[in-house]
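The lines below spell out each chain.
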Amino acid sequence: MNRVIAIICLLFPLSVFAQVQLKGTVKDHLNPIPGANIIIADLQGKMVTGTISKDDGTFETSVKSGTYKIRIGFIGYIDWEKDLELTKSTDLGPVVLIEETGNLKDVTVVGRKPILEQKADRVIFNVENSIAAIGGGATDALRAAPGLSIQNGNISMLGKSSSRVMVNGHMIELTGQDLINYLNSIAASDIKNIEIISNPPARYEASGDGGIININLKKGAVNAWKNTTTLSYDQSRYSVYSLRNNFFYNRDKVRFSVNAGGKLGNIKGREDLNTFYPNGLWELNSTTKQKQDNLSGGLTFDYDASPNTIIGLQYNGNYNNPDRNDNTIIKIGNQNHTLDSTLINTGQNDLRSSNQAYNVHLITKLDTAGRKLSFDADYFTYQSKIDNNFVATSFSPEMAFQNINQSARNLSNQEINNLSLKTDMEHALKWVNLSYGAKISFTNSRGDIQYYNTMNGGSRLDPNRSNNFDYKENNQAIYLNGAKDFNNKLSLQLGLRLENTQTTGFSATLNQTNKNNYLKLFPTLYFSYKANDNHTFLFNYGRRINRPGFEVLNPFRSYLNSKSYSEGNPFLQPSFNDNFDFTHVYKGKLRTNAFFNVVSNGFGVIFTANPENNTQVISRQNYYREFYYGIGETYSTDLTKWWQTQSMAYLLGSNSKFTNAALNSTPNNGIQAYLNTSNTFSLGKTSKLQLDYFYTSPFKRGLYSYGNMWGINLAVKQSLLNNKLQLALLANDIFNTSYLKNYTSVVNGIKQVYSQNNSNRYFRVSLTYSFGNNKISVKERGFGNDEERKRTN
């Protein structure tokens, strides 16, 4: 009985005194304004409560009887302010906001947002200001964001490892090339902004040590429809065509959207690897021609069952057929520094993958005191198939045929299914704003590898190189988060997240079972102090976990070619990160940031060369503890009415210690310099030009050292037909210098140097045409099992 009373006291606060309601409708001279801020403060200016207007411009909130300052505002409009004595429920009726004119303090033209916005726990990059992203996908928008990079299918923030990606606040549970393909199915023209969250709050899953990147899609007004079609053409060594269409509808209680798109073409890839064996240098040069064959689509539907309750569903599907032809030449040297022989690997890879994601959700507002409950049920399935045929032929230094070194067919299949349920509660109390929730998820992964020897013209299964692997992971999580504004200067947010995980991996071929169970607590802290209009100080701390992906736990070997294979590690343990971050913002334009991260039980990829058989082994191990730190400046402003700029400069450093005694290597520690600047020039009312430049110095970190990278991009946009048609031209990486190079490691005394360039330099022309009512508003919804979906590579 006491427990029941405690729960009732938690869900229904006792501080319900004489409450009155305040409501109204925010609009301009013609249309309602969704997302406007409604602030209720006491006569000293201290905020008491607040809300935002709905899609139809209406708002409603409750407050104790008294006299208050009411302020209603939206970007590009003059604030509406009034002192009111509220003794009974009051309807303000239509509140008409007037558009600002002339130069603004933080915004140069009416409704134009700054390139970067600094919040307490994130940096917001407004994609609509980036010409370089037009005509591309979400990955192009990410590349345009400051401090983000995409290398080897890995998306990361400056100074961090792989980042998790969200769309509208929900994780995408894919990694590597599958994640890249999914993001390319989202048109950059549909993205409103990108939130870069280096230290996520407790509401988000604790998995992932590289922070969170949240992609927010555009919204608009009610009672309208809109269609946007984007056609683009990319030319590098080969060409790629893309077509994308999005349709939005929003009327009365019904909102839905439909999108579909595809991509056809090819891209060229190049990899170089020099391995310095004791008996001589092996020089590997690999060129590939890979198809860009992608088809994707999605559907969202939401219905207002009542003024306080929304029910809806969502579907996303993605199909890829990125077949690849490989040609790998290995020049084998000897101790006399002359060519001993040449090994040529030719391969044909039939690659197919698809994923389907289903979501049903409910959101209900429980009362006028600010309590809101949401529920999500999600099912996600992923399949991939790889059929790799390769032949390795040996030649003399004069290129005379010697023998066929190896001929094989490698078949690989993987299927992943995930079911998850989660619920979240927003609970506004008089003294603190609480949020709490829970999530459970169930993941099953099954993979099999079949290796066939085709040396004699037939196809004979080799059971010693074949494998079947089943993996199960169950996760249960609860969280509690509290936020408090002490006054208009000081705010504090505390969060705790508890996650319990059970994993089981079974290799049928090896008859080997590995289990792992762990219960961990993840705290977060955010502190914000606004000294005055010019100076704001921010501090945050968070602890996170980095779980191994499903595939890397498979203990068997997957052969890449005759002299290289990759193997997983079923004993791989998660790593943990403690992240500290301090920021000072001056006049909203100059941002000084310093951070310090500690990685415990870190794991990663290790490239090991075996001198006995001259074979390269790609494995994963827990092997290091790292201290990573950095300090930098970001400056964003309008230098003139026609010149908008953002620039970033950072110094980064690391100190690593290897904790795996079996790893025969010495850690690399050093300093890295990073520079980035993006400049947009208005050439007229309908024309813009954008010039971007970045540079990163050579640096050393942990097991690896890296060569320098730099790049220059140039883009032009021309708006036509009253801004309904946009023509954009982009020259990306003009000098072909932004690729990974001199990626060096030394393990067991053997040095390896690696470089990769996958068509970084290209030219793009794109056309985007929109028609309908341009103020359409569609509520987008993410998936509740997004934390699992990212790890399916």
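Caption draft 1: The arrangement of the pairing of strand 20 (residues 294–306) in detail. Direction of pairing for strand 18 (residues 254–277) relative to strand 20: antiparallel, over a ladder of 10 bridges. Paired with Asn259 across the two strands is Gly298, which belongs to strand 20. The pairing of strand 20 with strand 21 (residues 309–320) spans 12 bridges and is antiparallel. Its bridge partner lying in strand 21, Leu299 is registered against Tyr315. Joining the antiparallel neighbours strand 20 and strand 21 is a turn of 2 residues.

Caption draft 2: Inspection of unusual backbone geometry at higher detail. Positive phi is not limited to glycine here, since Asn742 has a value of about 50°. At Ser759, a residue that is not glycine, the phi angle is positive and equals roughly 50°. By the element assignment, Ser759 lies in the loop between strand 46 (750–757) and strand 47 (762–772). The class for Ser759 is buried, based on a relative accessible area of 16%.

Caption draft 3: Quick look at the pattern of salt bridges. By the definition in use, this model includes 24 salt bridges. With a shortest N-O distance of 2.9 Å, Asp304 and Arg255 are connected by a salt bridge. One end of the pair, Asp304, is in strand 20; the other, Arg255, is in strand 18, and 49 residues separate them in sequence. Salt bridges sharing common partners tie together Arg203, Lys372, Asp376, Lys422, Asp424 and Glu426.

Caption draft 4: The sheet that holds strand 4 (residues 58–64), seen in detail. With mixed pairing, the 3 strands of this open sheet are ordered in space as 4-1-7. Unpaired on one side and paired on the other, strand 4 and strand 7 (90–96) mark the two borders of the sheet. In this sheet, neighbouring strand axes are inclined to one another by 20° on average, regardless of whether the strands run parallel or antiparallel. Pairing between strand 1 (residues 19–27) and strand 7: 5 bridges, direction parallel. Note on strand 7: the bridge partner recorded for Val26 is Val95.

Caption draft 5: Geometry of the nonpolar core. One finds Leu142, Ile155, Leu183, Ile191, Ile194 and Ile215 to be the most contacted residues of the largest nonpolar core, which totals 39 residues. Excluding residues that lie within four positions of it along the chain, Ile215 makes contacts with Ala138, Val165, Met166, Val167, Asn168, Leu183, Ile191, Asn193 and Ile194. With 22 residues, the next largest nonpolar core counts Trp282, Leu343, Tyr624 and Tyr754 among its residues.

Caption draft 6: A look at the environment of Tyr471. Considering the arrangement of structural elements, one finds Tyr471 in strand 28 (residues 467–485). We classify Tyr471 as buried; its relative accessible area is 4%. Considered as a pair, Tyr471 and Ser445 are 26 residues apart in the sequence and their alpha carbons are 5.0 Å apart. One polar contact links Tyr471 to Glu473, side chain to side chain, over a distance of 2.7 Å.

About the cut-offs
- Residues numbered from 1 in each chain as written.
- Predicted model: local features only at pLDDT ≥ 70, side-chain atom pairs only at ≥ 80, totals over all residues.
- Heavy atoms only, no water.
- Pairing = 2+ DSSP bridges.
- Helix = DSSP H or I, 4+ residues; strand = E, 2+ residues; numbered from the N terminus.
- Buried < 20%, exposed > 50% of the residue type's maximum accessible area, 1.4 Å probe, protein only.
- Salt bridge = Lys/Arg side-chain N within 4 Å of Asp/Glu carboxyl O.
- Axes fitted to C-alpha atoms, helices over the stretch in contact; angles between N-to-C directions.
- Core = buried A, V, L, I, M, F, W, Y, C linked by side-chain atoms within 4.5 Å.
- Contact = heavy atoms within 4.5 Å.
- Polar contact = N/O pair within 3.5 Å; in protein donor to acceptor, adjacent residues only side chain to side chain.

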